[in-house]
Amino acid sequence: MPKLLIIKSFVFFIWMQDLMENRRHVHVVKNTGRKFKAAKIWLEPEICLAHKGSFSEKELKEILNIASDNKTQLINNISKIKELWKD
């Protein structure tokens, strides 16, 4: 599970099987002690929520903003991992 970006308490990552999919997306997790929250965010064609998990609306808004602000970096990191994985 390669981590692509860590901002605040949010960790953006992909599963290796995600590299096989055409539509790029990331998973986001947050560990809040005893609770573990997770969501799935589509990066293409535009940033949008795929699965909200147990995040609050405020957290989801923050996650979507972070993903939007870092979209290029996330996509580039996914591409680099995909290239390394092929080799």
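The structure this text deals with has already been given above.
Residues numbered from 1 in each chain as written. Predicted model: local features only at pLDDT ≥ 70, side-chain atom pairs only at ≥ 80, totals over all residues. Heavy atoms only, no water.

(A) Region of the structure containing the overall build of the protein. A tally of helices and strands in the protein yields two helices and five strands. Ordered by position from the N terminus, the helices and strands of the protein form the series β-β-β-β-β-α-α. For the protein, the spread of C-alpha atoms along the principal axes amounts to about 40 × 25 × 20 Å. Burial statistics for the protein: of 87 residues in total, 39% are counted as buried. A separation of at least 24 residues holds for 35% of the contacts in the protein among residues at least 6 apart in sequence. Surface summary for the protein: the accessible area is close to 5,600 Å², and the carbon and sulfur share equals 52%. Averaged over its 16 positive side-chain charges, the protein has a centre that lies 6 Å from the centre of its 10 negative ones. (Helix = DSSP H or I, 4+ residues; strand = E, 2+ residues; numbered from the N terminus. Buried < 20%, exposed > 50% of the residue type's maximum accessible area, 1.4 Å probe, protein only. Contact = heavy atoms within 4.5 Å. Areas by Shrake-Rupley, 256 points an atom, 1.4 Å probe, with all protein chains shown as cover. Lys, Arg positive; Asp, Glu negative; His and termini not counted. Charge placed at Lys NZ, Arg CZ, Asp CG, Glu CD.)

(B) Structural context of unusual backbone geometry. A cis amide bond links Glu44 with the next residue in sequence, Pro45, at an omega value of 0°. Among the secondary structure elements, Pro45 is positioned in the loop between β4 (36–42) and β5 (48–51). Phi at Lys8 takes a positive value of approximately 55°, unusual for a residue other than glycine. Take Lys8: it is sitting in the loop between β1 (3–7) and β2 (10–13). Using a relative accessible area of 67% as the deciding quantity, one classes Lys8 as exposed.

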